[in-house]
Each structure stands twice: as structure tokens, then as C-alpha cells.
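Here's the letter readout for the chains.
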Amino acid sequence: VPALATERRFAQRLREWLHEERLLDGRYRLQRVPGGRVALPVLEEKLCQLCPPPEMPWELVRIQDPVPSRAARRRTPAQRLREELRRLLGPSWSEELERDVPHAWHRHEDLVLLSEDSFQAAPWERLGSALWETVASALGARRVARRGRVMPDGMRTPSVTLLLGQHGWVEHVDNGIRWAGAAGCGWRGEGTALTIWAGSSRYTFDVTKCMFSPGNITEKLRVASLPCSGEVLVDLYAGIGYFTLPFLVHAGAAFVHACEWNSHAVEALHRTLVLNGVRDRCHIHTGDSRQVSAAAWPRDPLPAGIPSPPVSSQLQLRDVADRVNLGLIPSSEEGWPVACRVLKKDTGGVLHIHHNVETPPAPAPLQTAVPLAEWGSPEAASSAGEAQHPTEDGGEETLGARLRPEWQRWAEATATRIQGLLAELHGRPWRTSILHIEAVKSYAPHVHHLVLDLECRPVLP
């Protein structure tokens, strides 16, 4: 950092002059330098304007290890970012550009992930790499990336651009989940990969090719607490193992059939299972799980040294599951017939059905809890459940702690539909019971991501 070194008796007068001329760099403290002198940090971009009064002797020096001032330590990251950008742009700074600077971002250790609507104005593009280096410096990062819209390809493929840095292996702690990167891994290759610890669960994936939603943390924790000891689970939309891992590592499932059609997610899921030592308790079915028999699904080859996972290109499961997880939004409805087919026909089981449910903005009186009832049973009269531990993420609303009428109506309609599918499939009556409705997050204004726990049992003769 450039600084003016002067005798101690002149330090205060020189400081006042630098402050009046707006040349003092307030980000750093004054420091002692050899010769009993004091060094006052000055702004690099204004060195050409330095012309102190002649009665104050000074020398231009460089402080090798500048110490942040108290004021700098009190500034928020957003304030630091704006101040650094103002210095970078100088007279070109404008209110329009200030509105284009983000107030929030995601951080994964030393990688900052910006929102898609940040830095869109034309002047930013002309700055080139200097912009991203300034952003990284202001936010205490080394790498910068910007996300785009999720691609409408059915796989929720992210659109993430790495703006600064050579790779994206990172470590991050979020809500008890630790994401860790390449420093402790022996893997090599291109891409932006993450490893995530959730308790004792570790995930790994490429953020430019696979989605990860921190907003689903409450559902992961809930899944981890379910009593699944000795059970067989089918995860119809496994992805990188969002829910496959909690079921295996924490909930105690005996075996999981994980179904996924994104080849990049299949690779990540395989690595994640190996990392956690549960690869032998999971079979990966590659292809479109909504189809009874899917065509062979191409997969990119794994890096050298990583064995190919035993996968199948067709989903031919039937009569195997005690539980089925349908973790696809906005709707998993196309997978409901497959879920019914893989449930054990003699004993049935539980479906965990994810869905985005629209809730009108008009305030409605909250409904009091009523006893849960079975659908398809003689004693059934109504059905309800409570939405517990809701989390807001991405929407404008804060979820209520009680069941909303729209959620109950959706759950009831889903229970009736599943009951009909099971009866048609097996040629005998079934009953369905709403066990629980979980509000995961606010997905968008007036749209809520819900999970319905639905028990499905054959009616005994």
C-alpha cells in the first residue's frame, strides 16, 4: 500500500491535510517505519495529486503488511464492495451502476457466487478482469462466479460462469452442512466441483452441471430422523444424493435404489456414495425413472482412477420398496405410477411426495389441526396435517406454522389419486393415510414447496 512517511511531529498535520484533500486511504492504519517515522496510507489512484505543503517533509514508501483500520473492520462486505468499485471507476461512477452492484451473494470458502442480475450494465464489461479482481479483493475471495437461470432441460441444469479463477473446488459451512473441496482430494479434472459434509455425510458435485439447493436443508434433516432401519427405499429423482445420503447414513435404510437421468449427477452420486462408504448399499439406475423401460442413457466417462459405477439403463423395479422418495419440483406427478409399482404389493409403504403448491395472496384464516384420517377406509371423514419447521427461500412470504387450506386440498387430492392408481395396478382396494405435510420453503411468491408423507396399505380381505 503506498504511504507518505514523515517525522512524528508532522504526522497529525499531514494526516489532516491528506484527509481534507481526500487522499488518505482510510482502509488502513498509520504505521511506524524505520527511522522513527510514521507512514500514512494514501490512495493509489491519486498518487499523481500528491503535493503536500513544503514545510512538511515526506517520502513516498510502500507498506508491505498494511493493518486494516477500525473503520474498515466495521464496514460490511457490501459497503467495502461499493467503495472499491467507486475507486476503480472514478468519475465514471453513477447511480445506475450502484444499483447494479449486488447486496448479497453466496460464498463457498474463497469462491463468491453472484446472482444473475448483478453487473449487467455495459460499463462493467469494459473493465474486463479488473472488475472481478476488485470484487474478489473487496469480498475477501480469490474466485468469482455468476449464476444464470436454471436451464429448462428437465434436469434443472445450472448455468454458472466462472469469472475469476482456474477451478471451483471449495469448502463451505452452511446450516450444519460442510462443503469441502479439492485440497484434500486426489481427484483431477476440469469443472467446478464441491464436496459437502452434512453431519457425517459428504457430497461432491460439479456446480456448473448439477444443482444444489441450501433451502432444502430442513427436509434433509427431517429425512435423516425418519425411522427407516432395515427398510428398502427407492429414490426416484436422486440427483447428487440430496436425500439418498440422509436415508442411508442417518436414517438407517438397509438399501437404496437411486434413480437419476443426468449423467453428471450420476457421476457425482457414485463418488458421494464411495466417499461415505455406503456404495455397497445403493444401486444406481440410470435413465428416465418415469418410464417403465428407459432407453440406454449415455454417460460421460469418469476420470482416470475412478471405477465405473454399476448402473443399469432401465428401471425395471417392482414390488421392492418400503418407502419411495419423489423429490422433484415443481411436480413429481409423472412419477406417481412408477412409485406405486415399486411399492411392496403385500405390505405397501410410505411415499414422500414433493410438489409446488400455489397459495393465493389473500389472507385466509389458519385452520386448526384435526385428527388425521385414512383415505379409502370406512372410518375416513377428513384428513389434515401440520407443516412444521418451514423455511423461507427464494420467495417473498414467510411460511406459517400451521396447515393452509390449499395445502390440505392438494394433499387430499393426491391421496385420492394415489389410492386409485394402486387399486388399478393391483386389482384390489388400497387405503392411503396422510401422515404429515412438510413446508420446505417458499419457492416463489405465493408458491410453496411441500412434501406429503403418504402411507399406502392394501386393504386386507
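Structural data are supplied above this passage.
On a predicted model such as this, the values are computed, not experimentally measured, just so you know.

This next bit is on the packing of helix α3 (residues 77-89) against helix α6 (residues 129-139). Relative to each other, α3 and α6 sit at 145 degrees, their axes nearing to 8 Å. Seen from above, α3 lies across α6 with right-handed handedness. On the side of α3, the interface is formed by P77, R80, L81, E84, L85 and L88, while α6 contributes A130, L131, T134, V135, A138 and L139. Of the residues in the contact of α3 with α6, the class split is 9 nonpolar, 1 polar and 2 charged.

Further remarks concern the pairing of strand β13 (residues 232-235). For a regular strand, the rule is simple: side chains alternate between the two faces of the sheet. Taking every second residue as pointing to the same face, both faces of β13 are buried, with V232 and V234 on one and L233 and D235 on the other. As defined by bridge partners, β13 adjoins strand β14 (residues 255-260) across 4 bridges and the pair is classed as parallel. Each bridged residue has a counterpart across the sheet, and for V234 the counterpart in β14 is H257. Crossover β13 to β14 through helix α8 (residues 244-250) is right-handed. As judged from the 3 bridges shared by β13 and strand β17 (residues 323-326), these two strands associate in the parallel manner. The residue of β17 that forms the bridge with L233 is R323.

Okay, the pattern of salt bridges next. Tallied over the full model, the rule gives 21 salt bridges. In this structure, the salt-bridge partner of E231 is R323, at a minimum N-O distance of 2.6 Å. Within this pair, whereas E231 is found in the loop between α7 (217-224) and β13, its partner R323 is found in strand β17, the two being separated by 92 residues in sequence. Exposure class is identical for E231 and R323. Each is buried. Between D346 and R428 there is a salt bridge whose closest N-O contact spans 3.8 Å. With D346 in the loop between α10 (336-342) and β18 (349-358) and R428 in the loop between α11 (405-426) and β20 (430-444), this pair connects stretches of sequence that are 82 residues apart. One network of salt bridges, with partners in common, ties together D25, R27, E45, E84 and R87.

Turning to the sheet that holds strand β4 (residues 59-62), a few remarks are in order. As summarised here, the arrangement of the 4 strands in space is β2-β3-β1-β4, forming an open sheet in which the pairing is antiparallel. With one partner strand each, in any of the chains shown, β2 (31-33) and β4 form the two edges of the open sheet. When strand polarity is set aside, the average angle formed by the axes of neighbouring strands in this sheet is 45 degrees. As defined by bridge partners, β2 adjoins strand β3 (residues 37-41) across 3 bridges and the pair is classed as antiparallel. Bridging from a neighbouring strand, V33 pairs with R37 of β3. The sheet contacts of helix α1 (residues 8-20) involve β1 (2-7) and β3, and relative to β1 the element is tilted by about 140 degrees.

In this section: the sheet that holds strand β5 (residues 106-108). Strand order in the open sheet formed by 4 strands is β5-β6-β7-β8, with mixed pairing between adjacent strands. Both outer strands of the open sheet, β5 and β8 (160-164), are each paired with one neighbouring strand and no more. Geometrically, the sheet is characterised by an average inter-axis angle of 25 degrees between neighbouring strands, direction not taken into account. With 4 bridges joining them, strand β7 (residues 143-147) and β8 adopt antiparallel strand pairing.

Our next topic: α6. Among the residues of α6, L131, W132, T134, V135, A136, A138 and L139 are the ones counted as buried. For α6, the secondary structure elements touched by its buried residues are α3, β5, β6 (111-114), α5 (122-127), β7 and β8. The positive-phi residue at the C-terminal boundary of α6 is G140, with phi of around 70 degrees.

Glancing now at helix α9 (residues 263-275). When the terminal C-alpha atoms of α9 are compared, their 19 Å separation across 13 residues agrees well with the 18 Å that a helix rising 1.5 Å per residue should span. Counted residue by residue, α9 has 10 buried out of 13 residues, so it is predominantly covered. Turning to α9, its buried residues are S263, A265, V266, E267, A268, L269, H270, R271, T272 and L273. Backbone geometry just after α9 places G277 at a positive phi near 70 degrees.

A few words now on a positive patch on the surface. A grouping of R29, R70, R73 and R74 is seen on the molecular surface, where their side chains present a positively charged patch. Mapped onto the elements of the fold, R29 is located in the loop between α1 and β2. With relative accessibility at 44%, the residue R29 sits in the partly exposed group.

The next subject is the packing of aromatic side chains. Following the criterion strictly, the structure yields 4 aromatic pairs and no others. Centroid distance W93 to W124: 6.4 Å. Interplanar angle 70 degrees. Geometry classified as edge-to-face. Remark: W124 occurs in helix α5 and W93 occurs in the loop between α3 and α4 (95-99); sequence separation between them is 31 residues. Consider the rings of F119 and W124, whose centres lie 4.9 Å apart with planes at 90 degrees: the pair is edge-to-face. Exposure class is identical for F119 and W124. Each is buried. Taken together, W93, F119, W124 and W132 form an aromatic cluster joined through their ring pairs.

Before going further, it helps to spend a moment on the nonpolar core. Counting 33 residues, the largest nonpolar core has L236, V324, L326, L351, I353 and I418 as its most contacted members. One finds L233, L245, F247 and L269 within the second-largest nonpolar core, a separate group that totals 23 residues.

Analysis parameters
- Residues numbered from 1 in each chain as written.
- Predicted model: local features only at pLDDT ≥ 70, side-chain atom pairs only at ≥ 80, totals over all residues.
- Heavy atoms only, no water.
- Axes fitted to C-alpha atoms, helices over the stretch in contact; angles between N-to-C directions.
- Helix = DSSP H or I, 4+ residues; strand = E, 2+ residues; numbered from the N terminus.
- Left-handed = near helix turned anticlockwise from the far one by under 90°.
- Contact = heavy atoms within 4.5 Å.
- Nonpolar A, V, L, I, M, F, W, Y, C, P; charged D, E, K, R; others polar.
- Buried < 20%, exposed > 50% of the residue type's maximum accessible area, 1.4 Å probe, protein only.
- Pairing = 2+ DSSP bridges.
- Right-handed = clockwise from strand over helix to strand, strands pointing away.
- Salt bridge = Lys/Arg side-chain N within 4 Å of Asp/Glu carboxyl O.
- Expected span 1.5 Å × (residues − 1).
- Patch = residues over 30% accessible without salt bridge, like charges linked within 9 Å, V, L, I, M, F, W, Y side chains within 5 Å.
- Areas by Shrake-Rupley, 256 points an atom, 1.4 Å probe, with all protein chains shown as cover.
- Lys, Arg positive; Asp, Glu negative; His and termini not counted.
- Charge placed at Lys NZ, Arg CZ, Asp CG, Glu CD.
- Phe/Tyr/Trp six-rings, centres within 6.5 Å; stacked < 30°, edge-to-face > 60°.
- Core = buried A, V, L, I, M, F, W, Y, C linked by side-chain atoms within 4.5 Å.

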